[in-house]
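# Residue-level structural notes
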Amino acid sequence: MVKAGAAVIPPPLLPGDGRFGCGPSKVPARALAALADAAPTLLGTSHRQAPVKQLVARVREGLQELFGPPPGYEVALGNGGSTAFWDLATLCLIRERSQHLVFGEFSAKFAKAAAEAPFLAPPEILESEPGSHPEPRAGADVDAFCLTHNETSTGVSMEIGRPGREDQLVLVDATSAAGGLPLDPAQVDAYYFAPQKCLASEGGLWLALLSPAAIERAQLLESSDRWVPASLSLTTALQSSRLNQTYNTPAVATLFLLAQQLDWLLEQGGLDWAAARCRASSEIVYRWAAEREWARPFVPDPAQRSAVVATVDLDASIPAPRVSAILRQNGVVDTESYRKLERNQLRFGLFPAVEPEDVLQLTRCVDWVVEALRAEQI
Ligand SMILES: *Cc1c(COP(=O)(O)O)cnc(C)c1O
């Protein structure tokens, strides 16, 4: 047992901000200060009036600028987070049969949603061991490929490209990738995410960059005899989004923090800048892990190692939950690995809001804790 006060990391080793979670993740202090300033005329006001509509417009335009998609792509948003978008996609984007790459908790959940839909044929599911990703099967007779840009549960990312024909939609769960990993938007038909990861806001919303083909598919399926509840209708969400509103009431503070982060990312240099920053943060972690005899990157293939979520296995002699607990006592939080993975592992969220310098400090903190544990000083 660690006695209270027994494991105090020397202050010079601590990061300036100790939030390294994978979502909700670090919300910058400057965004919170801006929220406090804006609050009196914004929070507690109607989402059908100009101040909140302007905020939604700022978010939609900011995402267009960040991704720079081909003409005709639109940004839609609604309530319920990425989990709700799986249900929207199941109802409004998969015509008959989808293919899913399953390589962790999140990708498995969308596959399950599609498998349970009584109006769809059983999906084609391609799986790989945690710590890797499967490849799509190009020739498949499916109308949607369901990919995950970054599998947050394992720290595996994949490059996004069209596996098949133009009429086979590419639906990408980018919840922890959007705004932190490079993207060629012409390769996707629905690139969907939530704002509590790279976009440094709170949970509860879904956002999606939609291609003309995806919009057309939704219109077609929703005018067929398939029953689509209004709150899960993509065309309804899109109609509201075009008016810079949401179908039902959104969390206004979440929209505000999201807009702040988008403005900041664009000022700094946009997606290229953000991706380079996350890449730099992750290289600090992977290089450090490779240099320690008691640690190693969990993902064997360097090309599949995520730049936004780094997973590091520890030697069995060093209990990772104990390391995370001591870090937590010192204000360095959410370094625990994904619970269901059941590995002796640390996991770090390295989203754009996180300072690379703080990531370096984080590795110094882990070194200190491990040395202290090995010396049995704590
Ligand atoms: C966090 C996460 C989700 C779930 O997002 P919610 O907004 O909580 O529904 C889905 N997919 C991935 C890849 C995630 O990282």
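Our subject is the structure that appears above.
What you are looking at is a predicted structure, and each value in this text was computed from that prediction instead of being measured. Within each chain, residues carry numbers counting from 1 in the order of the written sequence. Totals for whole chains, interfaces and linings use all residues, but because this is a predicted model, local features are given only for residues with pLDDT of at least 70 and pairs of side-chain atoms are given and counted only at 80 or more. Neither water nor hydrogens contribute to the side-chain values; these are computed over all heavy atoms in the structure.

Turning our attention to the overall build of the protein. If you tally the helices and strands in the protein, you get 10 helices and 12 strands. Each radius of gyration reported is based on C-alpha atoms, and the globular scaling rule is 2.2 Å times the count of residues to the power 0.38. The C-alpha radius of gyration of the protein comes to 21 Å, within 12% of the 21 Å expected for a compact globule of 378 residues. Taking the principal axes of the C-alpha coordinates as reference, the protein spans close to 70 × 55 × 35 Å. Looking at the protein as a whole, 60% of its 378 residues are labelled buried. Using a 1.4 Å probe, the Shrake-Rupley method yields the accessible areas, and only the shown protein chains count as cover for residues. Put simply, the protein shows about 15,500 Å² of open surface, and 51% of that area lies on carbon and sulfur atoms. Within the protein, the 44 negative side-chain charges are centred at a point lying 3 Å from the centre of the 33 positive side-chain charges. Elements are defined by DSSP. Helices are runs of H or I of four residues or more, strands are runs of E of two residues or more, and each kind is numbered from the N terminus. Burial classes follow relative accessibility: with a 1.4 Å probe on protein chains only, a residue under 20% of its type's maximum area counts as buried, one over 50% as exposed, and anything between as partly exposed. Under the counting rule used here, the positive set is Lys and Arg, the negative set is Asp and Glu, and His together with the chain ends is not counted. Where a charge lies is defined by one atom per residue type, namely NZ (Lys), CZ (Arg), CG (Asp) and CD (Glu).

This part takes up the packing of helix H8 (residues 270-291) against helix H10 (residues 356-374). Close contact between H8 and H10 brings their axes to 9 Å; oriented N to C, the two are set at 15 degrees. Compared by their axis directions, H8 and H10 come out roughly parallel. As for how H8 packs across H10, the hand of that crossing is right-handed. Across the interface between the two elements, Arg277, Ser281, Ile284, Val285 and Trp288 of H8 pack against Pro356, Val359, Leu360, Thr363, Val366 and Asp367 of H10. Only Asp, Glu, Lys and Arg are considered charged in this grouping, and only Ala, Val, Leu, Ile, Met, Phe, Trp, Tyr, Cys and Pro are considered nonpolar; every other residue, Gly among them, is considered polar. Of the residues that constitute the contact of H8 with H10, the class distribution is seven nonpolar, two polar and two charged. The convention used is that axes are lines fitted to C-alpha atoms, helices contributing only their stretch in contact, and that angles between N-to-C directions extend from 0 to 180 degrees. Should an angle lie under 35 degrees it is considered roughly parallel, over 145 roughly antiparallel, and from 65 to 115 roughly perpendicular; all remaining angles are considered oblique. Each crossing gets its hand from how the near helix is turned against the far one by less than a right angle, where anticlockwise is left-handed and clockwise is right-handed. Working rule for contacts: check all heavy atoms of both residues, and any pair within 4.5 Å makes them a contact.

Right, let's talk about the nonpolar core for a bit. By nonpolar core is meant a set of buried Ala, Val, Leu, Ile, Met, Phe, Trp, Tyr and Cys residues that side-chain atoms within 4.5 Å join together. Ranked by internal contacts, the top residues of the largest apolar core, which has 95 residues, are Phe67, Phe85, Leu93, Leu171 and Tyr191. If you tally residues by element for this core, the top one is helix H7 (residues 252-268), at nine residues. In this document the domain limits rely on a domain assignment from an automatic tool or a database. If you count residues domain by domain, this core takes at least three from each of domain 1 (18-27 + 269-374) and domain 2 (29-266). Residues in contact with Leu93, not counting those within four places in the same chain, are Phe85, Leu88, Asp143, Leu169, Leu171, Ala190, Ala214, Arg217, Ala218, Leu221 and Leu234. Counting 30 residues, the second largest nonpolar core, distinct from the first, contains Val285, Ile326, Phe348 and Val366.

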